[in-house]
Amino acid sequence: MLLIAWLTFVIHLSETLTYAIRLAGVRLGKLAVALSLSGIILLVSRTSNMIQALFLGNIIDYAREHSGYPLVEQLRVIIGASTMGTLTAILLLPSAVFLFSRIIAHLELAGSLPQMVRDSVSIRKLKNARTHLRFPRLEMLSKLRIGGIPKRLVILNCVVTAIYTIGVLAALLASALSLGHSTAASQASGLINGVATILLTVLIDPQIGLLTDKVLRGEKDVRVLNKVFGLLMVSRLLGTVLAQLLLVPAAHVIKWFVETL
């Protein structure tokens, strides 16, 4: 459970910090390099997700054989780890933007990630990284008023995050509840995460991309983008909390669906 919770923490921490990478790229005017680095971070996240699923399968098998096992409570602990990962990313945002700005600059000079690691990573420089830490200030909260930002974008990001957070967990819980259709229920996770990815790609990413282009062209101030990314990170945090409420109902919906096919 500790390993699964840690992987979940890493997944949500890294995915939330991709906002910091994009913001650093916009500030430097090197968005293409930032998006490339963001893709590497997401690859780490997806790989962690695959490893997580293997261990979750073992827990589900154990829960089937031991009726008294507190499966729902354990799954809620995993969702709690996603909340902690997202919250940690929010607290690290100022430091992450600064550090990713330096990484993007070094990556552009080195030409490749392995070369950048060889040229830039050392024990001394890792120790000096502590001097670049920037802690969030309370005045940052006053800048996160939703005025001027589409409310549906924030709400939709919250809902999509909740769906993505419980996609695998609800499907596996449904497979434990429906022993006669356990395989079909477990396979529903791909469909659920697919729907969340489609919503993210079609309804959220284009709006962020349009706003980013306006900032790069000078039509909007970069502070607007700071505000949008800040609100999206908060909405992700709320989405992980919403996932706690949706876990059991979603599992029963999946169970009903596979049993009526």
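Just so it is clear, the model here is predicted, and its values are computed rather than measured. (Residues numbered from 1 in each chain as written. Predicted model: local features only at pLDDT ≥ 70, side-chain atom pairs only at ≥ 80, totals over all residues. Heavy atoms only, no water.)

Chemist: Honestly, the confidence of the model for the protein in this entry has me stumped. Any pointers?
Modeler: Fine structural detail should not be taken from predicted coordinates in areas where pLDDT scores are low. With 85% of its residues at a pLDDT of 70 or more, the protein shows a mean pLDDT of 82. Confidence, read as mean pLDDT per element, is least for helix 7 (residues 139-142) in the protein (52) and greatest for helix 3 (residues 71-91) (93). (pLDDT = per-residue confidence, 0-100. Helix = DSSP H or I, 4+ residues; strand = E, 2+ residues; numbered from the N terminus.)

Chemist: Quick question: what am I supposed to make of the pattern of salt bridges here?
Modeler: In a structure, side chains of opposite charge can pair up when their charged atoms sit close to one another. Overall, the coordinates contain five salt bridges when judged by the stated rule. With a shortest N-O distance of 2.9 Å, E219 and R217 are connected by a salt bridge. For K255, the salt bridge identified is with E259, shortest N-O distance 3.3 Å. Here K255 pairs with E259, and both are found in helix 10 (residues 222-260), just four residues apart, close to one helical turn. Given the relative accessible area of 22%, K255 is considered partly exposed. Judged by its relative accessible area of 36%, E259 is partly exposed. (Salt bridge = Lys/Arg side-chain N within 4 Å of Asp/Glu carboxyl O. Buried < 20%, exposed > 50% of the residue type's maximum accessible area, 1.4 Å probe, protein only.)

Chemist: Sorry, what's going on with helix 1 (residues 2-28) here?
Modeler: Given 3.6 residues per turn, any residue in an α-helix points the same way as the ones three and four places further on. The terminal C-alpha atoms of helix 1 lie 38 Å apart, and with 27 residues this matches the ideal 39 Å at 1.5 Å per residue to within 8%. Of all 27 residues in helix 1, 21 are buried; the element is thus mostly enclosed. (Expected span 1.5 Å × (residues − 1).)

Chemist: Help me understand the nonpolar core, please; the structure alone is not making it clear to me.
Modeler: Nonpolar side chains tend toward joint burial in soluble globular proteins. Residues F100, L225, F229 and L232 are the most contacted members of the largest nonpolar core, which totals 34 residues. In terms of residue count, helix 1 provides more of this core than any other element does, ten residues in total. When near neighbours in sequence (up to four residues on either side) are disregarded, F229 contacts Y19, R22, L23 and I208. Grouped together as the second largest cluster of nonpolar side chains are 27 residues, L56, A162, V168 and L173 included. (Core = buried A, V, L, I, M, F, W, Y, C linked by side-chain atoms within 4.5 Å. Contact = heavy atoms within 4.5 Å.)

Chemist: Is there a simple way to think about the environment of S178 in this case?
Modeler: With respect to the secondary-structure elements, S178 resides in the loop between helix 8 (151-177) and helix 9 (182-216). Filtering out sequence-adjacent residues up to four positions away, S178 remains in contact with K255 and E259. In terms of polar contacts, S178 uses its side chain to reach the side chain of E259, at 3.0 Å. (Polar contact = N/O pair within 3.5 Å; in protein donor to acceptor, adjacent residues only side chain to side chain.)

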